[in-house]
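Each chain, letter by letter, is given below.
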Amino acid sequence: MKKFFASLAVLLAMIFSQSAFAAIVTPMAEGEFQEYINKVGFKILNKNEIEKHVIFKYSDSEDLHGSCSDDMVVYVPKGIIMNVETEDELAAIIAFQTAYCLKNGEGRNAQVLAKLSPKKYEELADKRAVDLLVKADYSPLASIIIINKSFGEVKNDRFHQKTSVRLAN
């Protein structure tokens, strides 16, 4: 238990020290969101040397979760963007969905396995998203913040792990 609280204290200290240096996302006009999403998304792709064709699209949806289509399109909804405070947080949203897209791009077998085992798939995508963030010079701690903002305390269900377990992984 002491290790848990010590780890939590270190994590919080890192979050507060990182947030002091992170670029703050300022309010933007609707058209500027797409441009900003493209900038962050392409930085993630380029720094990670990803050659697959991924498209980034702003969505007017009030949803708090991004999504990825089978044809490698990452959708970033207005609902989650309104909760984003830093560029690192936006990068975390894009990195999560890019990780899902890259797995979908591995073929039909990967898509079927993802539907049969969504929790395992989610865990693998989370870990890959953190790798994408680090290589693109974004704070991996933003992933923790975004999971908390997007999911709150989700209980175990068929599609998602309990949020605290997801964060621990």
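Report follows, based on the coordinates. Values in this document were obtained by computation on a predicted structure and should not be read as measured data. (Residues numbered from 1 in each chain as written. Predicted model: local features only at pLDDT ≥ 70, side-chain atom pairs only at ≥ 80, totals over all residues. Heavy atoms only, no water.)

## Considering the sheet that holds strand 1 (residues 55–59)
The cut-off we apply is this: Between any two strands, pairing holds if DSSP finds at least two bridges. Secondary structure elements follow DSSP: runs of H or I no shorter than four residues count as helices, runs of E no shorter than two count as strands, and numbering proceeds from the N terminus.
Read from one edge to the other, the open sheet built from three strands follows the order 1-3-2, with strand pairing classed as mixed. In this open sheet, the two edge strands, each paired with only one partner strand, are strand 1 and strand 2 (67–68). Here strand 1 pairs with strand 3 (residues 73–77) via five bridges, running parallel. The partner of Ile 55 across the bridge, within strand 3, is Val 73.

## A short note on the pattern of salt bridges
Put simply, the test is: Within this document, salt bridges are pairs made up of a side-chain nitrogen of Lys or Arg and a carboxyl oxygen of Asp or Glu, the two lying within 4 Å of each other. In this scheme, a residue with accessible area under 20% of its type's maximum is buried, one over 50% is exposed, and one in between is partly exposed, where area comes from a 1.4 Å probe on protein chains only.
Summed over the entire model, instances satisfying the criterion amount to three salt bridges. Where Glu 123 meets Lys 127, a salt bridge forms, and the shortest distance between an N and an O atom there is 3.1 Å. One end of the pair, Glu 123, and the other, Lys 127, are both in helix 6 (residues 118–135), four residues apart, so they sit about a helical turn from each other. Glu 123 gets classed as partly exposed once you look at its relative accessible area, which sits at 22%. On the basis of relative accessible area, Lys 127 is assigned to the partly exposed category, the value being 41%.

## Examining the environment of His 65
Keep this limit in mind: Should any heavy atoms of two residues lie within 4.5 Å, those residues are considered in contact.
With respect to the helices and strands, His 65 occurs in the loop between strand 1 and strand 2. When its relative accessible area of 30% is taken as the criterion, His 65 is described as partly exposed. Sequence separation between His 65 and Val 76 is 11 residues, and the spatial gap between their C-alpha atoms is 7.7 Å. Discounting residues that sit within four places of it in the chain, His 65 has contacts with Pro 77, Ser 150 and Phe 151.

## Brief notes about helix 7 (residues 141–151)
With respect to burial, helix 7 is a largely interior element, eight of its 11 residues being buried. Residues Leu 141, Ala 142, Ser 143, Ile 144, Ile 146, Ile 147, Ser 150 and Phe 151 constitute the buried set of helix 7.

## Brief notes about the environment of Asp 88
Tracing the chain through its elements places Asp 88 in helix 4 (residues 87–104). Given a relative accessible area of 13%, Asp 88 falls into the buried group. Along the backbone, Asp 88 and Ser 139 are 51 residues apart, and their C-alpha atoms lie at a distance of 6.0 Å.

## Some points on unusual backbone geometry
Within the chain, Glu 49 stands out as a residue other than glycine whose phi angle is a positive 55°. When you line up the elements, Glu 49 lands in the loop between helix 2 (30–47) and strand 1. Of the residues examined, Glu 49 reaches a relative accessible area of 69% and is grouped as exposed. Of note in this structure, Asp 137 is not a glycine but carries a positive phi near 65°. Positionally, Asp 137 belongs in the loop between helix 6 and helix 7. We classify Asp 137 as exposed; its relative accessible area is 55%.

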